[in-house]
Amino acid sequence: MQTMRYVILQLDHELQFVEMPADYAYQLSALNLRLHKEIAKLTAEQIPALPKAVAECDRLDLLEETSHITSGLDYINTLEASFSSIKETSYPLISLLTEIRALQAQLEQWYEEEAEQSV
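Some remarks on the overall build of the chain
Line of reasoning, step 1. In terms of regular secondary structure, the chain is built from 3 helices and 4 strands.
Line of reasoning, step 2. Ordered by position from the N terminus, the helices and strands of the chain form the series β-β-α-β-β-α-α.
Line of reasoning, step 3. For the chain, the C-alpha radius of gyration of 15 Å lies close to 14 Å, the compact-globule estimate for 119 residues.
Line of reasoning, step 4. Put simply, the chain has 119 residues, and 39% of those count as buried.
Line of reasoning, step 5. Counted over contacts in the chain with a minimum sequence separation of 6, partners at least 24 positions apart contribute 68%.
Line of reasoning, step 6. In the form shown here, the chain has an accessible surface area of approximately 7600 Å², with 50% of it arising from carbon and sulfur atoms.

Observations regarding the side chain of Gln 104
Line of reasoning, step 1. The residue Gln 104 is located in helix α3 (residues 93-117) in this model.
Line of reasoning, step 2. Residue class for Gln 104 comes out buried when judged on its relative accessible area of 12%.

Thoughts on the nonpolar core
Line of reasoning, step 1. Met 20, Leu 28, Leu 35, Ile 76, Leu 79 and Phe 83 are the most contacted members of the largest nonpolar core, which totals 34 residues.
Line of reasoning, step 2. When contributions to this core are tallied by element, the ones reaching two or more residues are β1 (4-11), β2 (14-21), α1 (22-39), β3 (52-57), α2 (72-84) and α3.
Line of reasoning, step 3. Considering every element that reaches this core, the biggest residue donor is α3, with 7 residues.
Line of reasoning, step 4. In this structure Leu 35 touches Leu 50, Leu 79, Phe 83, Leu 96 and Ile 100, once residues within four positions along its chain are discounted.

What about the pairing of β2?
Line of reasoning, step 1. Bridging between β1 and β2 involves 8 bridges; their strand directions are antiparallel. In the sheet register, Leu 11 faces β2, and the bridge partner there is Glu 14.
Line of reasoning, step 2. The loop that links β1 with its antiparallel partner β2 comprises 2 residues; one of these, Asp 12, has a positive phi angle of about 55°.
Line of reasoning, step 3. Here β2 runs beside strand β4 (residues 69-71); their pairing, made up of 3 bridges, is parallel. Bridging across to β4, Glu 19 finds its partner in Ser 71.

A short note on the layout of surface pockets
Line of reasoning, step 1. By volume, the largest pocket is sized at about 230 Å³.
Line of reasoning, step 2. Forming the boundary of the largest pocket are Glu 14, Leu 15, Gln 16, Phe 17, Asp 61, Leu 62, Leu 63, Glu 64, Thr 66, Ser 67, His 68 and Thr 70.
Line of reasoning, step 3. When residues of the lining of the largest pocket are assigned to their parent elements, the largest contribution, 4 residues, is made by β2.
Line of reasoning, step 4. Residues that form the lining of the largest pocket fall into these classes: 4 nonpolar, 5 polar and 3 charged.
Line of reasoning, step 5. In this structure, the second largest pocket spans a volume of roughly 170 Å³.

Rules of the game
- Residues numbered from 1 in each chain as written.
- Predicted model: local features only at pLDDT ≥ 70, side-chain atom pairs only at ≥ 80, totals over all residues.
- Heavy atoms only, no water.
- Helix = DSSP H or I, 4+ residues; strand = E, 2+ residues; numbered from the N terminus.
- Rg over C-alpha atoms; globule rule 2.2 N^0.38 Å.
- Buried < 20%, exposed > 50% of the residue type's maximum accessible area, 1.4 Å probe, protein only.
- Contact = heavy atoms within 4.5 Å.
- Areas by Shrake-Rupley, 256 points an atom, 1.4 Å probe, with all protein chains shown as cover.
- Core = buried A, V, L, I, M, F, W, Y, C linked by side-chain atoms within 4.5 Å.
- Pairing = 2+ DSSP bridges.
- 1 Å grid on protein atoms, 1.4 Å probe; cavity = no way out; pocket = protein on both sides within 12 Å on 5 of 7 lines; lining within 4 Å.
- Points joined across faces, edges and corners; volume = space filled by probe spheres on them.
- Nonpolar A, V, L, I, M, F, W, Y, C, P; charged D, E, K, R; others polar.

In short, geometric facts, not functional conclusions.
Written out as structure tokens, the structure reads:
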């Protein structure tokens, strides 16, 4: 079993817990910081709310029944869908989408390899 890390994201007062392969957790945190840096430059009317990465950890024990852990691939798929739906005309949104899709492809490959190894 591969080592997992958890990226903790915060939007307003709500926390989101994303389980990532340890080798990719930093990439998600770095991508999140870059998106936050660039999102203010977007001119589209409908810009998705983006939680901010606030922490990473190796172990996570959730104590509230209402909290849950999201897989990294599910999170990045949702992120890609929300950014690809932006109707941007001024800012080169494609560069942000390229970064999101690069991590998405890496995670898809990682999960495929994990599934093959567990068979």
